[in-house]
Amino acid sequence: MNSTDRTPADLLRSALAADPGRPLVTFYDDATGERVELSVATFANWVAKTSNLLQGDLGAEPGDRLALLLPAHWQSAVWLLACASVGVVAEVGGDPADADLVVSGPDSLEEARACSGERVALALRPLGGRFPQPPAGFADYAVEVPGQGDRFAPFAPVDADGPGLVVGGEELSYAELTSRAREDAVKLGLGTGSRVLTGLGYDTWEGLSAGLYAALASGGSVVLCRNLDRLSPEALAQRVESERVTHSL
């Protein structure tokens, strides 16, 4: 990847320029049987649409705090990159009462109501489906995002040295995040074409790095598995083979 990239959004732009058709995130939910594969181009399109929603409809500005109440999921990865594209600080598992905006899954809606700012809800249904009945007080992501633009340009440049991510009680700038992702990629032996299978959550840096950032920084891709404990050892071995996994975490 480009050694001058200093933010996750930079990393995604470099990945898109290098090989837009390769897989970037392959997501499994072993509770529902869902499988979704997103190429770099498809993932970047979701990020652009979500960034436009975040900056335009929701009025988010650089430095705003967004409480991200989502599990490890392909849509969570999209939101993390959208925040980085706009300059919004993503607080994974953050307190909605202290946040400017909140993005919630279906299991944390009551907690998310503590946010006095904009609230977005994700049903986390297969294929990005919407809620059968939209939750009161929330914008349904699956309803709002399809009509957004496919290209994104921030109103203001993103400060790579400004705050970018809070996870596990630690705050990282975008530049620190990107640097750590590169370091982790080296430690794990990741490179172009690497396929990382992970069942780790997104509530720790280790989970975020394994499930998104390290692969993005190295030209690799992720097989992100939710509810992996429901999979038998035989089925897991079959997945490792069929997905051409090179690293398992």
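The structure this text deals with has already been given above.
Residues numbered from 1 in each chain as written. Predicted model: local features only at pLDDT ≥ 70, side-chain atom pairs only at ≥ 80, totals over all residues. Heavy atoms only, no water.

Observations concerning the overall build of the protein
Link 1 in the chain: Looking only at helices and strands, the protein has eight helices and twelve strands in total.
Link 2 in the chain: Taken against the 2.2 N^0.38 rule, which gives 18 Å for 249 residues, the C-alpha radius of gyration of the protein at 17 Å falls within 12% of a compact globule.
Link 3 in the chain: Projected onto its principal axes, the C-alpha positions of the protein cover 45 × 40 × 35 Å.
Link 4 in the chain: Taking all 249 residues of the protein together, the buried fraction comes to 53%.
Link 5 in the chain: Considering only contacts in the protein between residues 6 or more positions apart, those separated by 24 or more positions represent 68%.
Link 6 in the chain: Carbon together with sulfur atoms contributes 49% to the accessible area of the protein, which is approximately 10,600 Å² in total.
Link 7 in the chain: Charge separation in the protein, taken as the distance between the mean sites of 19 positive and 34 negative side-chain charges, equals 6 Å. (Helix = DSSP H or I, 4+ residues; strand = E, 2+ residues; numbered from the N terminus. Rg over C-alpha atoms; globule rule 2.2 N^0.38 Å. Buried < 20%, exposed > 50% of the residue type's maximum accessible area, 1.4 Å probe, protein only. Contact = heavy atoms within 4.5 Å. Areas by Shrake-Rupley, 256 points an atom, 1.4 Å probe, with all protein chains shown as cover. Lys, Arg positive; Asp, Glu negative; His and termini not counted. Charge placed at Lys NZ, Arg CZ, Asp CG, Glu CD.)

Focus on the pairing of strand E5 (residues 101–104)
Link 1 in the chain: The alternating pattern of E5 places Leu101 and Val103 and Val102 and Ser104 on opposite faces, both of which are buried.
Link 2 in the chain: Here strand E3 (residues 65–69) runs beside E5; their pairing, made up of four bridges, is parallel. Bridge assignment links leucine 66 to a residue of E5, and that residue is leucine 101.
Link 3 in the chain: The sheet contact formed by E5 and strand E6 (residues 118–121) spans four bridges and is parallel. The residue bridging serine 104 from the neighbouring strand is alanine 121, located in E6. (Pairing = 2+ DSSP bridges.)

Brief notes about the nonpolar core
Link 1 in the chain: Phe43, Leu54, Trp79, Leu80, Leu165 and Tyr213 are the most contacted members of the largest nonpolar core, which has 53 residues in total.
Link 2 in the chain: Leucine 54 has contacts with Gly59, Ala60, Leu66, Trp79, Ala82, Cys83, Val86, Val88 and Leu101, leaving out every residue within four places of it along the chain.
Link 3 in the chain: If you look at the next biggest cluster of nonpolar residues, it comprises eleven residues, including Ala99, Leu109, Ala112 and Ala121. (Core = buried A, V, L, I, M, F, W, Y, C linked by side-chain atoms within 4.5 Å.)

Remarks on the sheet that holds E3
Link 1 in the chain: Strand order in this open sheet of seven strands is E7-E6-E5-E3-E4-E8-E9, and the pairing throughout is mixed. Every other strand in the sheet has two partners, leaving strand E7 (139–140) and strand E9 (170–173) as the edge strands with one partner each.
Link 2 in the chain: Packed onto the sheet, helix H6 (residues 174–188) meets strand E4 (89–92), strand E8 (163–167) and E9 and runs at close to 95 degrees relative to E9.
Link 3 in the chain: Against the sheet, helix H7 (residues 205–218) touches E4, E8 and E9, its axis set at about 120 degrees to E8. (Axes fitted to C-alpha atoms, helices over the stretch in contact; angles between N-to-C directions.)

Structural notes on the environment of glycine 93
Link 1 in the chain: Along the chain, the position of glycine 93 falls in the loop between E4 and E5.
Link 2 in the chain: Along the sequence, glycine 93 and tyrosine 202 sit 109 residues apart, while their C-alpha atoms lie 9.1 Å from each other.
Link 3 in the chain: Excluding residues within four positions of it along the chain, glycine 93 makes contact with Leu68 and Leu69.

Focus: a nonpolar patch on the surface
Link 1 in the chain: Residues Leu188, Leu200 and Leu249 make up a contiguous nonpolar surface patch of about 210 Å² in total accessible area.
Link 2 in the chain: Within the element layout of this structure, leucine 249 appears in the segment after strand E12 (247–248). (Patch = residues over 30% accessible without salt bridge, like charges linked within 9 Å, V, L, I, M, F, W, Y side chains within 5 Å. Salt bridge = Lys/Arg side-chain N within 4 Å of Asp/Glu carboxyl O.)

Points about the pattern of salt bridges
Link 1 in the chain: Applying the stated rule across the entire model yields twelve salt bridges.
Link 2 in the chain: For arginine 180, the salt bridge is made with glutamate 170, and the minimal N-O distance between the two is 2.5 Å. Of this pair, arginine 180 sits in helix H6 while glutamate 170 sits in strand E9, and the two are ten residues apart along the sequence.
Link 3 in the chain: The class of glutamate 170 is partly exposed, set by a relative accessible area of 33%.
Link 4 in the chain: In the salt-bridge network here, residues are joined through shared partners; they are Arg35, Glu37, Arg195 and Glu243.

Brief notes about the packing of helix H2 (residues 40–57) against helix H3 (residues 74–86)
Link 1 in the chain: Direction vectors running N to C along H2 and H3 enclose 60 degrees, while the axes themselves pass 8 Å from each other. Between H2 and H3, the crossing angle belongs to the class labelled oblique. Classified by chirality, the crossing of H3 by H2 is right-handed. Here H2 contributes Phe43, Trp46, Val47, Thr50, Ser51, Leu53, Leu54 and Gln55 to the contact with H3, which in turn contributes Trp74, Gln75, Ala77, Val78, Trp79, Leu81, Ala82, Cys83, Ser85 and Val86.
Link 2 in the chain: Looking at side-chain class alone, the contact of H2 with H3 contains 13 nonpolar, five polar and no charged residues. (Parallel < 35°, antiparallel > 145°, perpendicular 65-115°, else oblique. Left-handed = near helix turned anticlockwise from the far one by under 90°. Nonpolar A, V, L, I, M, F, W, Y, C, P; charged D, E, K, R; others polar.)

Brief notes about the side chain of arginine 195
Link 1 in the chain: Locating arginine 195 in the fold gives a position in strand E10 (residues 195–198).
Link 2 in the chain: Within the structure, arginine 195 has its side chain in polar contact with the side chain of glutamate 243 (distance 2.7 Å). (Polar contact = N/O pair within 3.5 Å; in protein donor to acceptor, adjacent residues only side chain to side chain.)

Thoughts on H7
In an α-helix there are 3.6 residues to a turn, and that puts residues three or four apart on one side.
Link 1 in the chain: Helix length check: H7, at 14 residues, gives a terminal C-alpha distance of 17 Å against a target of 20 Å (1.5 Å per residue), a shortfall beyond 12%.
Link 2 in the chain: With 13 of its 14 residues buried, H7 lies for the most part within the structure.
Link 3 in the chain: Of the residues flanking the end of H7, it is glycine 219, one or two places downstream, whose phi is positive at about 85 degrees. (Expected span 1.5 Å × (residues − 1).)

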